Amino acid sequence: MVQKKHIHISVGIIIIIAIIVALLGLAGGALIINSPTQLTLTSNPSVIKLGNYQYTLYLHGMQKKSGIAYIYIGRSPVFINPILNVTVILYNYTKVNAGTQYANMEIRLDSMSNTSATVTITPLQEYLAETPDSSRIIMISGPSLNLVSPNTTTIAQGSAPVSVTTTIPQVQNPGQKVLNYLAESEYYGLMKNYSNYYGNTVNCTGALYNNSYFGYYHSRPSGPTSFQNATLITPYSLNLSINKGANGNYNATYVTKSYSSVSTGVAMNIVINFTSGKILNVTYKGAFKDQNYSTLSEGLFGASQIGNACSILIA
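Described below are features of the structure shown in this document. It should be emphasised that the depicted structure is a prediction, and the values quoted were computed from it without experimental measurement. Per-chain numbering applies: the sequence of each chain, read as written, is numbered from 1 onward. Selection of residues for local features in this predicted model requires a pLDDT of at least 70, selection of side-chain atom pairs for listing and counting requires 80 or more, and totals for whole chains, interfaces and linings are taken over all residues. Only heavy atoms go into the side-chain values, all of them from the structure, while hydrogens and water stay out.

## Digging into the overall build of the protein
Next up, step 1: On a plain count of helices and strands, the protein comes out with seven helices and 16 strands.
Next up, step 2: Across the 315 residues of the protein, 46% fall into the buried class.
Next up, step 3: Note on contacts: a residue pair is in contact if any heavy atoms of the two residues lie within 4.5 Å. Expressed as a percentage of contacts within the protein between residues at least 6 apart in sequence, the contacts between residues at least 24 apart total 53%.
Next up, step 4: Roughly 15300 Å² of accessible area belongs to the protein as shown, and the carbon and sulfur atoms make up 53% of that amount. Comment: elements are numbered from the N terminus, with helices defined as DSSP H or I runs of at least four residues and strands as E runs of at least two. Each residue gets one of three labels from its accessible area relative to the maximum for its type: buried under 20%, exposed over 50%, partly exposed in between, using a 1.4 Å probe on protein chains only. Here, Shrake-Rupley sampling with a 1.4 Å probe gives the accessible areas, and only protein chains in the shown set may cover a residue.

## A short note on the sheet that holds strand 7 (residues 93-96)
Next up, step 1: Pairing is antiparallel across the open sheet formed by four strands, whose spatial order is 2-9-8-7. What marks the edges here is a single partner per strand, and that holds for strand 2 (37-41) and strand 7. The average angle at which neighbouring strand axes cross in this sheet is 30 degrees, direction not considered.
Next up, step 2: Relative to strand 8 (residues 105-112), strand 7 runs antiparallel, the two being bridged by four bridges. Directly across from valine 96, in strand 8, lies its bridge partner methionine 105. What makes two strands pair is DSSP finding at least two bridges between them. Only the stretch in contact is used when a helix axis is fitted, and all axes are lines through C-alpha atoms; the angle between N-to-C directions ranges over 0 to 180 degrees.

## Details of the pattern of salt bridges
Next up, step 1: When a carboxyl oxygen of Asp or Glu is within 4 Å of a side-chain nitrogen of Lys or Arg, the pair counts as a salt bridge. With the rule as written, the count across this model stands at three salt bridges.
Next up, step 2: Close ionic contact of glutamate 106 with lysine 95 constitutes a salt bridge, the shortest N to O distance being 3.5 Å. Here the residue glutamate 106 occupies a position in strand 8, and lysine 95 occupies one in strand 7, the gap between them amounting to 11 residues.
Next up, step 3: Put simply, aspartate 110 and arginine 108 hold a salt bridge, and the shortest N to O gap is 3.0 Å.
Next up, step 4: For arginine 108, a relative accessible area of 6% corresponds to the buried category.

In structure tokens, the structure reads:
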């Protein structure tokens, strides 16, 4: 069981965060994050820009023996946006929805020292509809918090304080443990969406395809882009298998099926260290040959703009 560390925050802390955000923002001091970026956090605030928003992050506590760190995240302007208290666990990803409905960033705790924590921050696109790890996030809705015992976090919310603890489920088998690691990475949500889009192509018709294609590209499909060729080459299913690999690592392998041998078979293989959960290598082949996370995300974004059963055939 992992328990949340007690929180104590004052109006002064919020004012300090607001001033630092303003000064660093005006000075161009915010670190722009467009891809996985490593950052060392200390008790001194760091300012980042992710998407359209600017955030201040700083380390406010650690449990080194348990491999746990606690990070405050404040979105500018902090006077009208709540501050988040986020628990991050060594070698694990925590999905955070900092001022958004769905998770817009992942924070992985890479290492810890006596006074700092090194994390990797990965931006997530909202259209992926990633569910945040709510059990590891406490939203501080105001400056008034009661300081209670070290094992309990009590948030003052009117007359109904809430005590919050986080329980990490015990993994019963290696495959499930590796799947849990994978689910905490940016690849899991991406592939889940591709699987849904591919499976929905069974409902795509020639007429819907032609109309949607014209609406998206403002031209008529022909040759390689015709409905017949698109349905031939585009997978209609995407499945995941997890198998033990070399050196104590595991392979999470995504396999596609289509009406063409070119796009049938292994599309992505992710090598995961069983002990740490760290992703060691990602390879793309078959249907995803010459692709990467960014290009696959762009394709998914295009499909989301079309928004019907033919989306993934066209984008």
